[in-house]
Every structure is written in C-alpha cells, then in structure tokens.
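So you can see what is in the structure, the chains are spelled out below.
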Amino acid sequence: MAETIFSKILRGDIPCHRVYEDDHVLAFLDVNPIARGHTLVIPKEPAETLDKLSDDAAAAIGRVLPRLARAVLAATGAESFNVLQNNGAPAHQAVFHVHFHIIPKHADGTGLGIGWKAIKAEDAPALAKAIAAKL
Ligand code: AMP
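Residues numbered from 1 in each chain as written. Predicted model: local features only at pLDDT ≥ 70, side-chain atom pairs only at ≥ 80, totals over all residues. Heavy atoms only, no water.

(A) Spotlight on the pairing of strand S2 (residues 25-29). Counting buried positions along S2 gives four out of five residues, so the element sits mostly inside the fold. Bridge analysis of strand S1 (residues 18-21) against S2 gives three bridges, and the strand direction is antiparallel. Within S2, the position partnered with Arg 18 by the bridge is Phe 28. As consecutive antiparallel partners, S1 and S2 are separated by three residues. Relative to strand S3 (residues 39-43), S2 runs antiparallel, the two being bridged by five bridges. Residue pairing in the sheet places Leu 29 in a bridge with Thr 39 of S3. (Buried < 20%, exposed > 50% of the residue type's maximum accessible area, 1.4 Å probe, protein only. Helix = DSSP H or I, 4+ residues; strand = E, 2+ residues; numbered from the N terminus. Pairing = 2+ DSSP bridges.)

Here it is in structure tokens:
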C-alpha cells in the first residue's frame, strides 16, 4: 500500500488531535471538519479500502466505533450523527488508508449532507443470490 498522510500520523511523523488509541485503532479529529467534533477512526493495519481490511482489524474498529460515537455526542452536545466510510476516488475517498468518519449533526445544520436518489430494484432476487455466492 502506498504511503498516506495517515501512515505518517500513525508513525507520529505528523501531529494529530488524538482522541483514542489502542493496539489496533487510532481516532483523531478531522483537520478539515464539516462539523464540530468530526472524528476519524482508522485501523493501524494498512489497507486502502474496507474490502481489503482483515476481519481482525475490522472487528477492532467495530468494537470501539459505538463508544467513540457516544463520546463525540457527549462532548459536542449533538444528538444525531452519521458514520461515513468512503472507498475509491469516485466514492469520494481522498486518503487511501481505511477510515471511518464520525460526523455529528448539529442543530445549526452543520454535518453531513446526503444526496440519496433511489433507483429501481429490478433484479433483486438474482442479485442477492449473486452477492451471497461471493461471500
Ligand atoms: P475521505 O474523503 O473519506 O478520504 O476523507 C479524508 C479525510 O481526511 C478528510 O475529511 C480530510 O479532511 C481528512 N484529513 C486529511 N489530512 C488530515 C490530517 N493530517 N489530519 C486529520 N485529518 C486529515
């Protein structure tokens, strides 16, 4: 995997506003937040996208995400939040080291804006089987 800004943060070569760390996970404030308390949660395991992450690293992230979300809400006073996880440049990924955004939605409207345009679910039975067959 290519070197990223997050590898440098993990090594301590560049600073971050750290909120949590354990053997497998680091969480820190986003440097360009879209809401106060916008936090990034990253695995220490190097993987560009979520589909390349090991089960163990994914489990380590999953174990702390709810606790981190609760802390972000408690510290900022927000009552709602989004967890965003981008994979691939067309899907808005800019840093190619897996990361989860915890983004509080504040009363002033700051937070994640979502464009959600549903399409027709035409081949759902076959598609569900095709995906299941790939697991
Ligand atoms: P994404 O578009 O999902 O790849 O988001 C990457 C995020 O990393 C953006 O929200 C950036 O603001 C954030 N980011 C980039 N560099 C840093 C840094 N040095 N410290 C903290 N967050 C960063």
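(B) Local environment of the site of the ligand. In the neighbourhood of the ligand, 16 residues make up the surrounding shell, with Asp 30, His 92, Ala 94, His 99 and His 101 lying closest. Between a nitrogen atom of the ligand and a main-chain N or O atom of Val 31, the distance comes to 3.1 Å. Backbone polar atom of Ala 94 to an oxygen atom of the ligand: 2.6 Å apart, as the coordinates give it. Isolated, the ligand exposes 510 Å² of accessible area, and the fraction of that covered by the protein chains is 84%. Placement of the ligand is best described as lying within the largest pocket. When residues of the shell around the ligand are traced back to their parent elements, those giving at least two are helix H1 (5-11) and S2. For the shell around the ligand, the element with the most residues is H1, which contributes three residues. Residue composition of the shell around the ligand, by class: nine nonpolar, six polar and one charged. (Near = heavy atom within 4 Å. Polar contact = N/O pair within 3.5 Å; in protein donor to acceptor, adjacent residues only side chain to side chain. Areas by Shrake-Rupley, 256 points an atom, 1.4 Å probe, with all protein chains shown as cover. 1 Å grid on protein atoms, 1.4 Å probe; cavity = no way out; pocket = protein on both sides within 12 Å on 5 of 7 lines; lining within 4 Å. Sits in = over half its atoms within 2 Å of the grid points. Nonpolar A, V, L, I, M, F, W, Y, C, P; charged D, E, K, R; others polar.)

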